[in-house]
Structure formats: C-alpha cells, structure tokens
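Next come the chains, spelled out residue by residue.
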Amino acid sequence: MGIIVQKFGGTSVANLDCMRQVLAKVRSAHCGGANKVVVVLSAMAGETNRLIAMARQWSPRPDAAEMDSLVSTGEQISVALFAMLLKDAGLKARSLLGFQAEVETDSRFGKARILGINSDKLRAMLDSHDVLVMAGFQGVDCHGRITTLGRGGSDTSAVAMAVAINADVCEIYTDVDGVYTTDPNLCSTARKIPKISYDEMLEMASMGAKVLQIRSVEFAKKYNMTVHVRSTFSDCNGTFVTQEDKSMEAVLVSGIAYDKDQARVTVLDVQDRPGVASALFSPLADAGIVVDMIIQNTSRDGKTTDMTFTVPRADLDETLQIIEAIKHRLGATGVLTDERVAKVSVIGVGMRSHSGVASRMFAALHDEGINILMISTSEIKVTCLIEEKYTELAVRTLHDKFELDKVRNAC
Ligand code: ADP
Ligand code: ASP
Ligand code: MG
C-alpha cells in the first residue's frame, strides 16, 4: 500500500465548491483503498491576511507568540471542514493540528523551523484511517506554544510530512498547473517547466517565486523527495522538482523571478575597520532576518564607509530597531531606507558552465531605461535590484531576451 501526501493551497480550499474539487483529488489518490493519503491544507484564501490585519489594528507589531496562535486558526478551519466532507463521503478521516501531529519546531514565532515530526504516531493513525487531514503552516515549540512557519509555510509542512512518513509521492496542488519560466499571472508567454532541479527551484523560491516556500525545497533537496507541483483544477501533469540531470544543464536560463517584498537599507558612515560588518549583521541574523544583497562602499577618507543591504519589507521595522540599538558601536551617523524597490533574477544551472548571462541581463534592462540599483550573483543566478515600478516591464523584457517562451516544451 502506498502513502501519498497532497497539499492544497489557499485558493484550492477557498470555498466549499473548491473543497469538493479537492475531495475528488483525494478520492482518486485513495483509489478505493490502494493508498493511504495525508492531506495538508492551507487556510482558505485571504483568511491569513484577514487575521493579520485584525491583529495590526491593535499594534503594528503585535505580540509574536499570540500572533501565531491567531494566524494558525485559519488552517484549523480548513482541516475541520474538509475532514467533515471526507467523512460524509464515506472515508475514514480525521483532522490534525500541528501540535496533535507533534510537528515540533523552534520558538521563532512567525518563522519557525521544523525540528521533527512524530512519524510513529502518524503511521499508527494511518493504519486506522484512510485519510489524515493535517493543518499546514503550524507546529508547536518545546514549551507547548503554537508556532507558524512563515508565509507559504504549508508547502514546508507537506514536504516535511512526506519525508517523515516516507511517502511515495508528494504533490503540491495550487492555482497554476506547475512551475513556469516566470509568474504566469504576470507574463502571458511564460511556459510550464516539466522538470526543474532542486537548486534552480531553490533560487526561484528565494528570489520571490512564491509557488513553493523556500524551506520546502530545502527539505525536498536534503531528503531527495521529488515534489510534483500541479493544479487542483486540472488533471494535467505539473512540474517535477527533482535531482539535476544532464538535460537540465543544457538549458542556460530556466526562469525569471521577481520579489517586490524588499526594502533597501543604507547605514551611513560606519567605521571602516574589522568587526563592523559582523557587529551589524550578526544581530540581524540572530533575529532571523534574511539579509540578501550587501554592498560596502569603498571608503573615501579611509575611516568611514556606507553599508547598503536589502531585507524583506516585513522585517524593515525590526531591522531599524536593531540598527538603532547598535548604531553607536558602528559609529553610524544615520540610516536611509527605500521601500520602492524590487529584485529581478535570472536563474539557470547552465550558468555554471556558460558566461555572458549577466551582461545580457544588464543590456536588456538598459535598453528599457531601467536603472540597476544593486547587483548580486550566485553560481546559477544573477539578481538586480531596480525601482519597483519597473518590475513587470523588467520581467517581461528578460523573459523575451532569454527566449524563455521557446526553451522547453510544456507537457
Ligand atoms: P497556494 O495558495 O496554492 O500556496 P501561492 O499563491 O502561494 O499558491 O503560489 C501560487 C502562485 O505563485 C501563482 O498563482 C503564481 O502567481 C505565483 N508564481 C510566481 N512565480 C511563479 C512561477 N515561476 N511559476 C508558477 N507560479 C508562480
Ligand atoms: N496560510 C498561510 C499563508 O497564507 C500558509 C500557507 O498558505 O501556506 O501564508
Ligand atoms: Mg503558497
């Protein structure tokens, strides 16, 4: 008997009609008893945002632990409703919240990491059920407090679950029918990618392609769990996120990602001496803030310099508070911020063995009169920070420039 993990995102459980479509997928996976199914659900579309907005009416930065108790309720609604539907359809099913499935996490509220899952308990439960319906996005810390895994965290719940119970298949169902060369809702010529390597998907996710949460891809890569990203609303094969193979290397650029959720921070006149970068970035790292692009300017007077970097916009307030607390140690005279920026990235494993991608990218942006504010590169990615208002233009231009509508055939 096989074990199948199926995760359904917010738009897939947006209302009761959508849930009926999900029921059809689960029934088909259960296949009259041939397989056991673990369904991982998100909150109904818009629910998490609604809960966050309510809390923000109290304060711009509500208590983090209470916030997790609050936002985790979105998933609780989905799993309870869906388990009822399954039972009415004659399947042996039950819902499970994070703490009931013993999804143990650290205590970083709002961005917790999964430390372990009680797989023995889940396997025992599967013996007596056809379907387990797990709340995604949530876990419990060692003090018994509810935690959440960051926006899009149900993807990570699903992959971690698939790894923990050694599932045969891990399917992520969403509102698009796979991973595309870029966001299909932004670029009409985007094409579905039948197969993508873990590394490319990691870069796509970390550069803003929210179709999979980054941590879910990290888990999949670490445990070599193939993930099938596909649509709830069609039966077509989607995209397999899997190990790299030779055919993938033949493609120079696989995708374009963008991220509007960025802010640029410049700390002015920090001392130009050993230890300053560490004094600035260590407290940010300790707070779980992901600093991405970093530029340290050349010192003009040999004594001071400016340090510029990007952080997720949601972390800007906390970043500024941290800088305020350490400013005197850095010798900084001020801080500038800009929230009207976005990152665009060109990604492909073929870049490991081919040069020229960065220069083609810069030329394409130049042709459209788009100014590059910052640049960062990795082995398989080039990222430019630009003004936010040019994001759509930049993505479409780069998609055309690298002929991504022609690179791979969609299934
Ligand atoms: P879910 O609610 O199912 O988790 P998300 O909204 O988190 O769905 O992710 C799906 C969305 O990701 C799509 O609607 C699409 O707009 C966006 N997206 C961004 N980049 C890509 C990409 N390269 N391929 C597919 N979808 C993408
Ligand atoms: N409901 C959470 C969110 O909106 C988690 C998820 O959907 O994956 O981010
Ligand atoms: Mg998502």
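A short tour of the structure in this document, coming up. Quantities reported herein were computed from a predicted structural model and do not represent experimental measurements. (Residues numbered from 1 in each chain as written. Chains lettered and ligands numbered in written order. Predicted model: local features only at pLDDT ≥ 70, side-chain atom pairs only at ≥ 80, totals over all residues. Heavy atoms only, no water.)

1. Digging into the site of ligand 2
If you check the shell around ligand 2, you find Ser42, Ala43, Thr48, Glu75, Phe137, Arg151, Gly152, Gly153 and Ser154 and nothing else. Contact distances for ligand 2 include 2.8 Å between a nitrogen atom and a side-chain N or O atom of Thr48. Within the backbone of Gly152, one N or O atom sits 2.9 Å away from an oxygen atom of ligand 2. Here the residues of the shell around ligand 2 are counted per class, giving two nonpolar, five polar and two charged. (Near = heavy atom within 4 Å. Polar contact = N/O pair within 3.5 Å; in protein donor to acceptor, adjacent residues only side chain to side chain. Nonpolar A, V, L, I, M, F, W, Y, C, P; charged D, E, K, R; others polar.)

2. Re the environment of Phe8
With respect to the secondary-structure elements, Phe8 resides in strand β1 (residues 2-8). Phe8 sits 14 residues away from Val22 along the chain, and the two C-alpha atoms are 7.7 Å apart. Those residues in contact with Phe8 that sit more than four places away from it in its chain are Val13, Val22, Lys25, Val26, Val39, Val40, Leu41, Ser42, Tyr173 and Thr232. (Helix = DSSP H or I, 4+ residues; strand = E, 2+ residues; numbered from the N terminus. Contact = heavy atoms within 4.5 Å.)

3. A short note on the sheet that holds strand β16 (residues 334-347)
If you trace the six strands from one edge of the open sheet to the other, you get β14-β15-β13-β16-β18-β17, paired in antiparallel fashion. Every other strand in the sheet has two partners, leaving β14 (294-296) and β17 (374-378) as the edge strands with one partner each. Recorded for the sheet is a direction-independent mean angle of 25° between the axes of neighbouring strands. Here β14 runs beside strand β15 (residues 304-312); their pairing, made up of three bridges, is antiparallel. Of the residues in β15, the one forming a bridge with Gln296 is Met307. Strands in contact with helix α10 (residues 276-286) are β13 (255-271), β14 and β15; relative to β15, the strand with the most contacts, it is inclined by about 20°. (Pairing = 2+ DSSP bridges. Axes fitted to C-alpha atoms, helices over the stretch in contact; angles between N-to-C directions.)

4. Let's talk about the site of ligand 1
Around ligand 1, the structure places 18 residues, and the nearest of them are Thr174, Asp175, Tyr180, Asp183 and Asn185. Contact distances for ligand 1 include 3.2 Å between an oxygen atom and a backbone N or O atom of Gly10. One of the side-chain nitrogen or oxygen atoms of Asn185 is found 2.8 Å away from an oxygen atom of ligand 1. For ligand 1, whose unbound accessible area comes to 570 Å², protein coverage reaches 88%. Looking at the shell around ligand 1 residue by residue, the classes come out as eight nonpolar, six polar and four charged. (Areas by Shrake-Rupley, 256 points an atom, 1.4 Å probe, with all protein chains shown as cover.)

5. Details of the side chain of Ser157
Within the secondary structure, Ser157 is located in helix α6 (residues 154-164). Residue classification places Ser157 among the buried positions, given a relative accessible area of 4%. Residues within four places of Ser157 in sequence aside, it is in contact with Val40, Ile114, Gly136, Phe137, Gln138 and Leu149. (Buried < 20%, exposed > 50% of the residue type's maximum accessible area, 1.4 Å probe, protein only.)

6. As for empty space enclosed by the protein
One pass over the full model with this rule turns up one cavity of 30 Å³ or more. As a volume, the largest cavity reaches approximately 30 Å³. Forming the boundary of the largest cavity are Ala112, Arg113, Ile114, Leu149, Thr156, Gln213 and Arg215. (1 Å grid on protein atoms, 1.4 Å probe; cavity = no way out; pocket = protein on both sides within 12 Å on 5 of 7 lines; lining within 4 Å. Points joined across faces, edges and corners; volume = space filled by probe spheres on them.)

7. Side note on helix α5 (residues 119-127)
Looking only at α5, the buried set comprises Ser119, Leu122, Met125 and Leu126. All buried residues of α5 lie within an arc of 125° about the axis, which places them on one face of the element. Exposed residues on α5 whose side chains face more than 90 degrees from its buried face are Asp120 and Asp127. N-cap assignment for α5: the residue whose side-chain oxygen lies 3.4 Å from the backbone N of Asp120 is Asn118. (Arc of directions from axis to C-beta.)

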